[in-house]
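A structural walkthrough
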Amino acid sequence: MKKKKMTVLASLLLVSAMFAGCSSGFSGSESKPADNASGKTSETAAAAKDLKVYVENEIKDLNQWKASDDVSFTILNNVEEGLYRLDLKNEPQPAMAEKVDVSDDKLTYTFTLRDNAKWSDGTPVTAQDFKYAWLNELDPKIGTNGYSFIMTDYIVGADEYAAGGSADKVGIEAKDDKTLVVKLKQPTPYFLRLTSLAPYFPMKEEFVKSKGDGFAVGADSMLFNGPYTVATVDAASGAVLEKNPGYWDAANVKIDKVDVKVIKEKSTALNAYKAGQLDRVLLSSSDVNASKSDPGFGTGINFRTTYLQFNTKADGISNVNIRKALKYGFDSKLLADQVLNNGSKAATGLIPDVMSGFDGKSFREMQGDLVGVDAAKAKEYWEQGVKELGKAPKITMLVADTSEVKDVATFMQSEYKKNLGIDVVIDTKTSKARNQLMDNSNYQMGITAWGADYDDAMTYLDLWANHTPYRGNYENANYDKLITDAKKETDEQKRIQMLLAAEKTLLDDDVVVVPIYFGGYSYLLNSRVQNLEYHPYGNPVDFKYADVK
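What you are looking at is a predicted structure, and each value in this text was computed from that prediction instead of being measured. (Residues numbered from 1 in each chain as written. Predicted model: local features only at pLDDT ≥ 70, side-chain atom pairs only at ≥ 80, totals over all residues. Heavy atoms only, no water.)

Looking now at the packing of helix 11 (residues 320-328) against helix 19 (residues 492-509). Packing of helix 11 against helix 19 brings their axes to within 10 Å, and their N-to-C directions diverge by 95 degrees. In terms of axis orientation, helix 11 runs roughly perpendicular to helix 19. Contact residues: Val-320, Lys-324 and Lys-327 in helix 11; Leu-507, Asp-508 and Asp-509 in helix 19. Its residues placed into classes, the contact of helix 11 with helix 19 shows 2 nonpolar, no polar and 4 charged. (Axes fitted to C-alpha atoms, helices over the stretch in contact; angles between N-to-C directions. Helix = DSSP H or I, 4+ residues; strand = E, 2+ residues; numbered from the N terminus. Parallel < 35°, antiparallel > 145°, perpendicular 65-115°, else oblique. Contact = heavy atoms within 4.5 Å. Nonpolar A, V, L, I, M, F, W, Y, C, P; charged D, E, K, R; others polar.)

See the structure below:
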């Protein structure tokens, strides 16, 4: 998901054979539901509404302080809940919190918890449960998922605590059972969105300590406060979730059981969908055209941008006109529509489509297009760069060895040959080796990607204020000032103007990166299913709002 901060997440240790209870192997929809923890009989459960979905990898870890992958978050987001939860429009709505009061300087958030916010053991969810869980996330001995930055960047004293400081100086206060006060370093317009993420979920200290090292290794060693509970789980084959009768909003949870299978092969998943064993399936590029006439066909977009990262200190690439030539030298629309053909869209900027801007407009609507093919302009910039360098540079493009990225690289190589007449060498490495080369500044340009943690342009733009080799060794005092000032600005309109200027500086003036495409997907959805919401950022999916006819 993320390099630098997020590479740590991607390397989470696989927890093998740790979950108990679920049968192994894919078996599709169960014909006779078993009795469950909510007390339903087999006869009543047989009439219950069920949903059948799948994930493409193992369920690695359900310990919220260790979990870092989308699959684990898919489960956690539906069996746990933070202060806020994203709705069907991806807007944060009060969840465990009934309301929040924000101070005039926008630095203090006072959350009031619901009276009927309960754990699955019947005890109330308290402000202390949030403080305990958040401090654990910050403790590097416990919070090993690499997500502590999502607190240390914002909460007063959190960074110091994570480095061994005092918990008393962290801006998290449980004033009483129902009142949680959080003090921020700077105004953060998207802070409520952050509280919907799994690292911000609460947990009950007494329960965790009672389980010791066995906490969250199976359904029996977990405590739930979300719309569902985990009935059974097996890391390799999947999980069964059941409606949580004690959930504060249980009356609006329509689905009684969610069967989440692990199916790694898209072809296997498509066959299961066609056999009625799944309600939704992602399509591979080769299946998209044949599926477009299906009434269940649809596409979606993620807040994920794949881009070309230039090393501004590398031979040849250090010349800004060479970088501009490479920016205008390929047709990303052709790439998205004819090569990827999976719902992805040609990038028109670094910040993806739909991501929020200001006053009801998206960031992209406010900014307009900053990238696009222009062969004549590309040729002009190339000739100017060659003139300044005294010779034509040899260009090597570093890429990871996934099939999608290799296809993208091959396409761009052909585009550069066609539009610039140059032969770009493709250097293919494993993702780990590519990252190491980029971290060591041993590259000219590389294809990489970034997925948003929250719905705000800052989740992208502050990356290039860290001056690391992975971010092209980019240093621009004006750019840094825009980012620093935007983080402090309390006027949202002024703040968004700073971010718009920062994106233009990065892409137009300095050309440090060239966005290639916005990640998307194509799928088939059973017509009986309604309101199955897959979010473009943060926790991947909500079963809470889903229903079946």
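We are not done yet, so read on.
Here 4 strands make up an open sheet; going across it, the order is 4-5-7-6 and the pairing antiparallel. Unpaired on one side and paired on the other, strand 4 (97-102) and strand 6 (172-176) mark the two borders of the sheet. The sheet shows a mean angle of 20 degrees between the axes of neighbouring strands, direction not considered. Pairing analysis gives 4 bridges linking strand 6 to strand 7 (residues 179-183), with the strands arranged antiparallel. Among the inter-strand pairings, Ile-172 is bridged to a residue of strand 7, identified as Val-182. Helix 4 (residues 127-138) rests against strand 5 (108-113), strand 6 and strand 7 of the sheet, and its axis sits at about 160 degrees to strand 6. (Pairing = 2+ DSSP bridges.)

Here we come to the pattern of salt bridges. Enumeration according to the criterion identifies 25 salt bridges in this entry. Here Lys-266 ties to Glu-56 by a salt bridge, and the two come within 3.1 Å at their closest N and O atoms. In this pair, Lys-266 is assigned in helix 9 (residues 266-274) and Glu-56 in the loop between strand 1 (50-55) and helix 3 (70-79), connecting sequence segments 210 residues apart. With its nearest N and O atoms 3.3 Å apart, the salt bridge here joins Asp-139 to Lys-141. Take Lys-141: its relative accessible area is 70%, and that puts it in the exposed class. (Salt bridge = Lys/Arg side-chain N within 4 Å of Asp/Glu carboxyl O. Buried < 20%, exposed > 50% of the residue type's maximum accessible area, 1.4 Å probe, protein only.)

Before going further, it helps to spend a moment on the sheet that holds strand 1. Strand order in the open sheet formed by 4 strands is 1-10-9-8, with mixed pairing between adjacent strands. Of all the strands in the sheet, the pair left with one neighbour each is strand 1 and strand 8 (228-234). Direction aside, the axes of adjacent strands within the sheet are offset by 20 degrees on average. Two elements, strand 9 (residues 238-243) and strand 10 (residues 257-262), share 5 bridges in a ladder whose sense is antiparallel. Residue pairing for strand 10: Glu-242 is matched across the bridge by Lys-257.

So, on to the confidence of the model for the protein chain. With 91% of its residues at a pLDDT of 70 or more, the protein chain shows a mean pLDDT of 90. Within the model, the stretch residues 1-46 combines pLDDT values under 50 with 96 contacts to residues more than four positions away or in other chains. (pLDDT = per-residue confidence, 0-100.)

Where two aromatic rings form a pair, the distance of their centres and the angle of their planes describe that pair. What the rule picks out here adds up to 20 aromatic pairs. Consider the rings of Tyr-190 and Tyr-454, whose centres lie 4.1 Å apart with planes at 10 degrees: the pair is stacked. One end of the pair, Tyr-190, is in the loop between strand 7 and helix 7 (191-194); the other, Tyr-454, is in the loop between strand 18 (445-451) and helix 17 (458-461), and 264 residues separate them in sequence. Since its relative accessible area comes to 6%, Tyr-190 is described here as buried. (Phe/Tyr/Trp six-rings, centres within 6.5 Å; stacked < 30°, edge-to-face > 60°.)

It is worth spelling out the UniProt feature "domain: Solute-binding protein family" (unreviewed entry) in the protein chain at this point. Summarizing the sequence annotation, UniProt attributes the feature "domain: Solute-binding protein family" (unreviewed entry) to residues 91-468 in the numbering used throughout. The annotated region residues 91-468 carries 31% helix and 22% strand content, and the separation between its end C-alpha atoms amounts to 33 Å. (UniProt positions renumbered as here; feature names shortened; annotations may be inferred.)

This part covers the packing of helix 11 against helix 14 (residues 375-389). Two quantities define a packed helix pair, namely the angle between the helix axes and the distance between the axes. Their axes nearest at 7 Å, the elements helix 11 and helix 14 cross at an angle of 160 degrees. Considered as vectors, helix 11 and helix 14 are oriented roughly antiparallel to each other. Note on packing geometry: the crossing formed by helix 11 with helix 14 is left-handed. In contact with Asn-321, Ile-322, Lys-324, Ala-325 and Tyr-328 of helix 11, helix 14 contributes Ala-375, Lys-377, Ala-378, Tyr-381, Trp-382, Gln-384, Gly-385, Val-386, Glu-388 and Leu-389. Among the residues making up the contact of helix 11 with helix 14, the classes are represented as 9 nonpolar, 3 polar and 3 charged. (Left-handed = near helix turned anticlockwise from the far one by under 90°.)

The next subject is helix 11. Among the 9 residues that make up helix 11, 8 are buried, leaving the element largely enclosed by the rest of the structure. For helix 11, the full list of buried residues reads Asn-321, Ile-322, Arg-323, Lys-324, Ala-325, Leu-326, Lys-327 and Tyr-328. Where helix 11 is buried, its residues touch strand 12 (297-310), helix 14, helix 15 (403-420), strand 18, helix 19 and strand 19 (513-525). Between the side-chain oxygen of the N-cap and the backbone nitrogen of Asn-321 there are 2.8 Å, and the N-cap of helix 11 in question is Asn-319. (Polar contact = N/O pair within 3.5 Å; in protein donor to acceptor, adjacent residues only side chain to side chain.)

Quick look at the nonpolar core now. Nonpolar side chains in soluble globular proteins tend to end up buried together. Counting 111 residues, the largest nonpolar core has Phe-111, Trp-134, Ile-155, Leu-461, Trp-464, Leu-506 and Phe-543 as its most contacted members. Beyond its immediate chain neighbours, meaning those up to four positions away, Leu-461 contacts Leu-350, Ile-351, Tyr-479, Ile-483, Leu-499, Ala-502, Glu-503 and Leu-506. In this structure, Met-397, Val-399, Ala-409 and Phe-411 belong to the second largest nonpolar core, which totals 31 residues. (Core = buried A, V, L, I, M, F, W, Y, C linked by side-chain atoms within 4.5 Å.)

Structurally, the position occupied by Lys-66 is in the loop between strand 1 and helix 3. Taking relative accessible area as the criterion, Lys-66 reaches 36% and is therefore assigned partly exposed.

The backbone of Ala-216 shows a phi angle near 65 degrees, a positive value even though the residue is not glycine. Inspection of the secondary structure assignment puts Ala-216 in the loop between helix 8 (205-211) and strand 8. Judged by relative accessible area, which is 0%, Ala-216 ranks as buried. Despite not being glycine, Val-511 shows a phi value in the positive range, around 45 degrees. With respect to the helices and strands, Val-511 occurs in the loop between helix 19 and strand 19.

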